[in-house]
Amino acid sequence: MRRYHVTTFGCQMNAHDSERIKGLLEELGLGEAPSADDADVVVFNTCTIREKPDTKLAAYLGEAAARKREHPDRVIAVGGCYAEAQRERIFELYPAVDVAFGPGSIAHLGEWLGAGGHGVTRGRFGLDDRAFAAELPVHNERAFQAWVQVSMGCNSKCSYCIVPSVRGREQSRRPGEILAEVHRLAEQGVKELTLLGQNVNSWGRDLLPEIATEFGELLRACDAVEGIERIRFTSPHPKDFREPVIAAIAECDAVCEHVHLPLQSGSSRLLKAMRRTYTRERYLMLVEKMRAAIPDVAFGTDIIVGFPGETETDFLETLEMVEEVGYDSAFTFVYSPRAGTEAAAMPDQVPHEVKIGRMERLVELTQRIAGERNAARVGRVEQVLVEGPSRTDPSVLRGRTRRNTTVNFTGSARAGELVDVTIDGSTSTTLRGRQESLVMGGL
Ligand code: SAH
Ligand code: SF4
Ligand code: F3S
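## Some points on the domain arrangement of the chain
You'll often see interface size given as the accessible area lost when the parts meet.
And step 1. By domain assignment, the chain separates into domain 1 (3-124), domain 2 (140-256) and domain 3 (381-441).
And step 2. With centres defined by C-alpha atoms, the gap from domain 1 to domain 2 works out at 27 Å.
And step 3. Taken together, the 17 residues of domain 1 in the interface contact 17 residues of domain 2.
And step 4. Interface of domain 1 and domain 2: buried area, both sides summed, is about 1400 Å²; carbon and sulfur atoms make up 58% of it.
And step 5. Interface area lost by domain 1 to domain 2 is led by Q12, M13 and E19, which between them contribute 41%.
And step 6. For the interface between domain 1 and domain 2, the tally reads 2 salt bridges.

Given below as structure tokens:
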């Protein structure tokens, strides 16, 4: 049997696309190889959000090309956002690549690879013939957790971001198709769903006037499916948290009290240059509104430092905002110019050393605050979905709270179970605890 291996870069949408790529390859009769070294068909599902994943891919492709020289019948396929961004140049840049395909054309991979991955035709697909990967067969590695794609593409114009040009215009999946998949997953024993879209909470707008619905209604419909205990969603945009969405998060039992609210910058001046369409004040009002409506809500965020023109004053405003909101977790990024985006052509690019210095200060602050937020959980009982043994200590279990914090705990539960855990320790990224005994839980 010919064997494949998929290496995935980037966001959860890409990870989900990889499940579909694997499902498709298995349908073609290929089996999964433990590593790229052992595979006949080597797939890289790429990301190009910053320069780093591009550089990493170059190293991986170098190794793959060397192996191909020893075994010329090996097929190298490059999919995802980098393949789309470099669609005109990819075969020149990397002559060892046989097949390139964009994120919207996974469905065609089979035609290019041929039965069993033999008879490969050198070529590529792009955004022109987009289809939802969600309709393809799936290779699901997690029995009780699943991603569900609700939309593809993004209509925002954030000036630093490459995503709209590689993932195309936003297109919502029809509610009937989404719910059919959710029902199927629930029947298979899935307990936790993560709804996925580049701008997940603007879902539904492009279905009007034919289907009058919005993201809040979708949350309610998923919440009503029996067996689904937890619902998460990513990535939302602050501009699309209208009242009905907030109400749905507050009222649906399964929707978790965790909201990812990408800030990007605390300076209204920079937010405008970034084309984020909200100000510092509007963002803070949204945070207050959610805190009032959703008891005990946890906030995560994304922040960019060193956007063109960022002054020390702008940066201090970002630090202030981090203190004011009190994020439970934060992803922090050094601004990376992406060819073809508006911000890459802006004057006043921030010098590298300044970016690095600000990044260090920001990380120190976000970690301190997340550490304080986690320390405040000590003594509480949290509901945890067990994911398996801890990554660092196999004698301990690992799971996540509804507020999306990882907990390492002593206990005897199986993966996929929901258990109560008493929290007795914390760091800036994890909690520690012990499983409540069944007797105690029953009292
Ligand atoms: N659609 C999602 C994810 C976008 S990418 C969203 O809008 O939230 C994830 C994060 O990467 C962004 O939120 C942003 O903080 C960061 N990012 C995007 N482009 C970047 C760039 N050119 N340089 C540095 N960080 C970037
Ligand atoms: Fe990029 Fe902005 Fe779209 Fe997010 S909302 S994918 S940051 S353009
Ligand atoms: Fe990267 Fe594409 Fe996701 S650029 S972050 S894999 S949408």
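We are not done yet, so read on.
## Focus on the site of ligand 2
And step 1. Around ligand 2, the surrounding shell consists of C154, S156, C158, Y160, C161, V163, P164, H237 and R276.
And step 2. Broken down by class, the residue content of the shell around ligand 2 amounts to 6 nonpolar, 2 polar and 1 charged.

## Examining the site of ligand 1
And step 1. Taken together, 14 residues sit near ligand 1, with Y160, Q198, Q264, D302 and S336 positioned nearest.
And step 2. Between ligand 1 and Q264, the relevant distance is 2.7 Å, taken from an oxygen atom to a side-chain nitrogen or oxygen of the residue.
And step 3. Between ligand 1 and the protein, one listed contact pairs an oxygen atom with a side-chain N or O atom of D302 at 2.7 Å.
And step 4. With the chains in place, 88% of the 540 Å² that ligand 1 exposes on its own is no longer accessible.
And step 5. Residue assignment for the shell around ligand 1 shows that the elements contributing at least two residues are β13 (298-305) and β14 (329-334).
And step 6. Tallied by class, residues from the shell around ligand 1 come to 7 nonpolar, 4 polar and 3 charged.

## Focus on the side chain of D328
And step 1. Among the structural elements, D328 can be located in the loop between α12 (312-325) and β14.
And step 2. For D328, the side chain forms a polar contact with the side chain of R403, separated by 3.3 Å.
And step 3. Not counting the four nearest positions on each side in its chain, D328 is found in contact with A298, F299, A370, R373 and R403.

## Re the sheet that holds strand β18 (residues 418-426)
And step 1. Strand order in this closed barrel of 5 strands is β15-β16-β17-β19-β18, and the pairing throughout is mixed. Adjacent strand axes in the sheet meet at a mean angle of 50° when their direction is disregarded.

## Brief notes about the packing of aromatic side chains
And step 1. For the structure shown, the criterion picks out 7 aromatic pairs.
And step 2. Their ring planes at 85° and their centres at 6.4 Å tell us that Y160 and F307 sit as a pair that is edge-to-face. Here F307 lies in the loop between β13 and α12 and Y160 lies in the loop between β8 (151-152) and α6 (163-167), a separation of 147 residues in the sequence.
And step 3. Relative accessible area serves as the criterion here: at 0%, F307 is assigned to the buried category.
And step 4. Where F215 meets F233, the ring centres are 5.3 Å apart and the plane angle is 70°; that geometry is what we call edge-to-face. With F215 in helix α8 (residues 215-223) and F233 in strand β11 (residues 230-234), this residue pair connects regions lying 18 residues apart in the sequence.
And step 5. Overall, the relative accessible area of 0% leaves F215 in the buried class.
And step 6. On the basis of relative accessible area, F233 is assigned to the buried category, the value being 7%.
And step 7. Over the aromatic face of W147 sits the side chain of R142, whose NZ or CZ is 4.0 Å from the ring centroid.

## Looking at the packing of helix α11 (residues 280-293) against α12
And step 1. Viewed as axis vectors pointing N to C, α11 and α12 meet at an angle of 10°, and their least axial separation amounts to 11 Å. In terms of their interaxial angle, α11 and α12 are classed as roughly parallel. On the side of α11, the interface is formed by R280, Y283, L284, V287 and R291, while α12 contributes E317, E320, M321, E324 and V325.
And step 2. Grouping the constituent residues of the contact of α11 with α12 by class yields 5 nonpolar, no polar and 5 charged.

## Considering empty space enclosed by the protein
And step 1. Following the criterion strictly, the structure yields 1 cavity of 30 Å³ or more and no others.
And step 2. Taken as a whole, the largest cavity encloses approximately 70 Å³ of empty space.
And step 3. Lining the largest cavity are 10 residues; nearest its centre among them are P103, G104, Q149, M152 and R167.
And step 4. Class assignment for the residues of the lining of the largest cavity results in 5 nonpolar, 2 polar and 3 charged.
And step 5. Both domains that furnish three or more residues to the lining of the largest cavity are identified here as domain 1 (3-124) and domain 2 (140-256).

Calculation rules
- Residues numbered from 1 in each chain as written.
- Chains lettered and ligands numbered in written order.
- Predicted model: local features only at pLDDT ≥ 70, side-chain atom pairs only at ≥ 80, totals over all residues.
- Heavy atoms only, no water.
- Domains from an automatic or database assignment.
- Contact = heavy atoms within 4.5 Å.
- Buried area = accessible area lost by both parts, 1.4 Å probe.
- Salt bridge = Lys/Arg side-chain N within 4 Å of Asp/Glu carboxyl O.
- Near = heavy atom within 4 Å.
- Nonpolar A, V, L, I, M, F, W, Y, C, P; charged D, E, K, R; others polar.
- Polar contact = N/O pair within 3.5 Å; in protein donor to acceptor, adjacent residues only side chain to side chain.
- Areas by Shrake-Rupley, 256 points an atom, 1.4 Å probe, with all protein chains shown as cover.
- Helix = DSSP H or I, 4+ residues; strand = E, 2+ residues; numbered from the N terminus.
- Pairing = 2+ DSSP bridges.
- Axes fitted to C-alpha atoms, helices over the stretch in contact; angles between N-to-C directions.
- Phe/Tyr/Trp six-rings, centres within 6.5 Å; stacked < 30°, edge-to-face > 60°.
- Buried < 20%, exposed > 50% of the residue type's maximum accessible area, 1.4 Å probe, protein only.
- Lys NZ or Arg CZ within 6 Å of the ring centre and 35° of its normal.
- Parallel < 35°, antiparallel > 145°, perpendicular 65-115°, else oblique.
- 1 Å grid on protein atoms, 1.4 Å probe; cavity = no way out; pocket = protein on both sides within 12 Å on 5 of 7 lines; lining within 4 Å.
- Points joined across faces, edges and corners; volume = space filled by probe spheres on them.

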